[in-house]
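Summary of the model geometry
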Amino acid sequence: MFFIPGQVIALLTFPGVIIHETAHLFFCKLFKLKVFNVCFFRFGNPAGYVIHETTENFTAMFFVSLGPFMINTLLCVIFCTAAFLPVWELQVTDPLAYFYYWLGLSIGMHAFPSTTDLSHLWKAAPALAKKGNLLAILSLPLSAVLVVLNYGRVIWADLGYGIAVGVLGPLAIFRAFARM
Amino acid sequence: MSQVSCCECSKTVSGGEAYELNGKVYCGPCVPAAAERAESAGQPVSVTRYVDKSICARCNTYIGDGGGIEVGNARLCLACSERVQDWPYPQWLKLSLAGLLLLLAFALIHGRKYFQAGKDLYRGEQLVEKGQFKDALPYLKATMKLAPNSDKGALLTAKAALLSGDVQTAAQVLQGHNNGRFENSDKPEFLEVKRLWSNANTAFEKLDKATKLEAQDGSEAEAAKLAHEAVAIYPQLPYANLLLDEYDEGVAFAKKDYDTYLALAEKDWGLVPASRTAAMISSALACKYAVSGDSTFRQRSEEMLAKAKEMANGDKQTLDRLAEFEERNRYRLESRQIITKSAYDQKFRGAKNAAK
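These lines cover the structure that appears in this document, whether it is placed above or below. Everything numeric in this text was worked out from a predicted model, so none of it was measured.

**Overview of the overall build of chain A**
Across its full length, chain A holds seven helices and two strands. Of the regular secondary structure in chain A, the N- to C-terminal order runs α-α-β-β-α-α-α-α-α. Out of the 180 residues belonging to chain A, those deemed buried represent 43%. Considering only residue pairs separated by 6 or more positions, chain A has 71% of its internal contacts joining residues 24 or more positions apart.

Written as structure tokens, this is what we have:
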């Protein structure tokens, strides 16, 4: 295991940071939450942020907190799918494919929501889960796993997630596609 | 920073050092006691930092008391209020996202050939997993045209080819792949292909020896033994059964067991009706006529020879071979003498021809 400063990682994978914050902003706007400030990328910790008003609406809270996780994961799968075959399976030298893989992995690496986002969800979810709110039920295990993975960033869990999604996602898609 | 006065001690402090509790402003030292009193009185206890509502909380523009719009605990100027209600996507972000979409569309168009090759690869892999090696080969060959350096593709193609008896394709794929080099030679897939390739080569070496021995009178049994060993090592050899039967026919001929010879020839004819198997039956029937004198065998032998010629479809090499055989067969039918080819060559064609 080796240490690379977070700012260097953020710089190398800046598209992921921008997509993550854009997704936050998108869901804030979708649920009509007031946004006080947005930083799509900077050399600092955190590399980007969206400051928005708090809400009692759990659906809004769920999507604003976990939206970037879903959007980044989806885009990671899409871009890696475009590059997966030539890079991994066909071993064709195609610079464009490597560019897509970098883009896909950069986006996938920044899928994890911040612990602050998760903590809001974690506090609100149990009471609603008891009432049978499906999003609350879903958010409990998801938040738990994501909190653990967030701490795992020191051992490159974010990169591991990006690679897993960028390899296993396209693999599943193509295997299903081949059966058709 | 604005100055405010504490409602408890009347001390004037800066806005940054003041707190709010139930609508009243307190300085830092007074707020804990005020909070305790509120709690014992059953009032809500929510201490927040003092926000100067005479300036915009976002841009610090002076808006005066009662100016601007209240958003939560803060007061914003009109411009900031509009921005906060519906934060716009920056122009560069919109352009970047449009660019990203264009890139994605281009990736899909550019990647069509890869998707097709990948689909063929996975289809081929699935067929290999089901043991349908011959059916898998066309898909895998199509993949290898686009990606000759794909380890996975090359190993799957070589495996499918070797397990369906197509050694030539396996050789082409393995030699055409990075000059026969693979990234990870410890992988089970690589080791499996290596084993199959080695078996096929050993089998062909044995068959080569068997072919040479077969041409020598008295070595038929040894040749047949080598052929059986070859098929045991590499059972996917094309027409393995036919090949073994031909060697066993040679053994039966040498032992003068013409019934077995005829039975094997007829079995092969049933399996593969072709010029070669028709000629084999013709030869076996001629032997049966020679030892029995039963003219039915002679008639059938001549009929099968005619069929063999017909099935040659004008192929010069096959017709030349049949012409050579016809001469010997005629001798067998007319003289009722059964002699080997080398004996016939020595007797009628001279040493020069016999050596051929």
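**Remarks on the overall build of chain B**
The number of helices and strands found in chain B is 15 helices and seven strands. Residues classed as buried in chain B amount to 31% of the 356 residues present. Taking all contacts inside chain B whose residues are at least 6 apart in sequence as the whole, residues at least 24 apart take part in 39%.

**Focus on the sheet that holds strand 3 (residues 18-21) of chain B**
Residue and element names in this part refer to chain B. Within the open sheet, the three strands sit side by side as 4-3-5. Their pairing is antiparallel. Looking at strand neighbours, the two that pair on one side only are strand 4 (24-27) and strand 5 (47-49), the edges of this open sheet. If you compare each strand with its neighbour and ignore which way they point, the axes differ by 40° on average. Packed onto the sheet, helix 1 (residues 31-40) meets strand 3, strand 4 and strand 5 and runs at close to 5° relative to strand 3.

**Quick look at the interface of chain B and chain A**
Interface size is often expressed as the accessible area that is lost when the parts come together. In this complex, chain B contributes 29 residues to the contact, which on the side of chain A involves 23 residues. Sorting the residues of the side of chain B that touches chain A by element identifies helix 2 (78-85), helix 3 (91-110), helix 4 (112-129) and helix 6 (151-163) of chain B as the ones contributing at least two each. Top contributing element to the side of chain B that touches chain A by residue count: helix 4 of chain B, with nine residues. Here the residues of the side of chain B that touches chain A are counted per class, giving 14 nonpolar, nine polar and six charged.

**As for the nonpolar core**
F79 and A83 of chain A together with A158 and A160 of chain B are the most contacted members of the largest nonpolar core, which totals 88 residues. Of all the elements, helix 3 (residues 58-89) of chain A adds the most residues to this core, at 16 residues. Those residues in contact with A158 of chain B that sit more than four places away from it in its chain are A170, V173, L174 and V193 of chain B. Counting 22 residues, the second largest nonpolar core, distinct from the first, contains L262, A265, A279 and F297 of chain B.

**Remarks on the packing of helix 3 of chain A against helix 5 (residues 115-130) of chain A**
All names here are of chain A. In contact at an axis separation of 10 Å, helix 3 and helix 5 are set at 145° when each is read in the N-to-C sense. As helix 3 runs across helix 5, the sense of the crossing is left-handed. Contacts between helix 3 and helix 5 pair F58, M61, F62 and S65 from the former with D117, L118, H120, L121, A124 and L128 from the latter. Partitioning the contact of helix 3 with helix 5 into residue classes produces seven nonpolar, two polar and one charged.

**Here we look at the pairing of strand 3 of chain B**
Residue and element names in this part refer to chain B. Relative to strand 4, strand 3 is paired through four bridges, and the arrangement is antiparallel. Following the sheet pairing, A18 is matched in strand 4 by C27. The loop that links strand 3 with its antiparallel partner strand 4 comprises two residues; one of these, N22, has a positive phi angle of about 50°. Sheet analysis places strand 3 next to strand 5, joined by three bridges and oriented antiparallel. When the bridges of strand 5 are listed, Y19 appears paired with R49.

**Structural notes on the environment of E89 of chain A**
Among the structural elements, E89 of chain A can be located in helix 3. As for E89 of chain A and L171 of chain A, which are separated by 82 residues in sequence, their C-alpha atoms are 9.6 Å apart. Ignoring sequence-local partners within four residues, the contact set of E89 of chain A consists of F84 of chain A together with G118, L121, S150 and K152 of chain B.

**Section: helix 8 (residues 188-214) of chain B**
All names here are of chain B. Taking 1.5 Å of rise per residue, 27 residues should cover 39 Å, and helix 8 covers 38 Å from first to last C-alpha, within 8% of that figure. Those residues of helix 8 that sit buried are V193, A200, A203, K206, L207, A210 and L213. Buried residues belonging to helix 8 abut helix 6, helix 7 (167-176), helix 9 (220-233) and helix 10 (240-254).

**Section: the environment of L285 of chain B**
Residues and elements named next belong to chain B. Of note, L285 is situated in helix 12 (residues 275-292). Residue L285 is classed as buried on the basis of its C-beta count, with 29 C-beta atoms lying within 10 Å. Separated by 16 residues in the primary sequence, L285 and S301 place their C-alpha atoms 5.2 Å from one another. Residues in contact with L285, not counting those within four places in the same chain, are L262, F297, R300, S301 and M304.

**A closer look at helix 4 of chain B**
End to end, helix 4 of chain B covers 26 Å across 18 residues, agreeing with the expected 26 Å (1.5 Å per residue, within 8%). Of the positions making up helix 4 of chain B, those classed as buried are Y114, A117, G118, D120, L121, Y122, R123, G124, E125, L127 and V128 of chain B.

**Digging into the environment of A171 of chain B**
Residue and element names in this part refer to chain B. Here A171 shows up in helix 7. Given 16 C-beta atoms within 10 Å, A171 falls into the partly exposed group. Distance in space between the C-alpha atoms of A171 and W197 is 8.6 Å, their sequence separation being 26 residues.

**Observations regarding the packing of helix 2 (residues 14-30) of chain A against helix 4 (residues 95-109) of chain A**
All names here are of chain A. At a minimum axis distance of 7 Å, the contact between helix 2 and helix 4 shows a crossing angle of 50°. By the angle class used here, helix 2 and helix 4 are oblique. For the pair helix 2 and helix 4, the crossing hand works out as right-handed. Together, P15, G16 and I19 of helix 2 and L103, S106, I107 and M109 of helix 4 make up the contact between the two elements. Classifying every residue of the contact of helix 2 with helix 4 gives five nonpolar, two polar and no charged.

**Thoughts on unusual backbone geometry**
Backbone torsion omega between N45 of chain A and P46 of chain A reads 0°, so that peptide bond is classified as cis. Position of P46 of chain A among the secondary structure elements: in the loop between strand 1 (35-39) and strand 2 (49-52). A positive phi angle is found at Q91 of chain A, which is not glycine, with a value near 50°. Assessed through the 19 C-beta atoms surrounding it within 10 Å, Q91 of chain A is described here as partly exposed. The phi torsion at Y239 of chain B lies on the positive side, around 55°, for a residue other than glycine. Inspection of the secondary structure assignment puts Y239 of chain B in the loop between helix 9 and helix 10.

So, how was this worked out
- Residues numbered from 1 in each chain as written.
- Chains lettered and ligands numbered in written order.
- Predicted model: local features only at pLDDT ≥ 70, side-chain atom pairs only at ≥ 80, totals over all residues.
- Helix = DSSP H or I, 4+ residues; strand = E, 2+ residues; numbered from the N terminus.
- Buried ≥ 20, exposed ≤ 12 C-beta atoms within 10 Å, placed from the backbone.
- Contact = placed C-beta atoms within 7 Å.
- Pairing = 2+ DSSP bridges.
- Axes fitted to C-alpha atoms, helices over the stretch in contact; angles between N-to-C directions.
- Nonpolar A, V, L, I, M, F, W, Y, C, P; charged D, E, K, R; others polar.
- Core = buried A, V, L, I, M, F, W, Y, C linked by C-beta atoms within 7 Å.
- Left-handed = near helix turned anticlockwise from the far one by under 90°.
- Expected span 1.5 Å × (residues − 1).
- Parallel < 35°, antiparallel > 145°, perpendicular 65-115°, else oblique.

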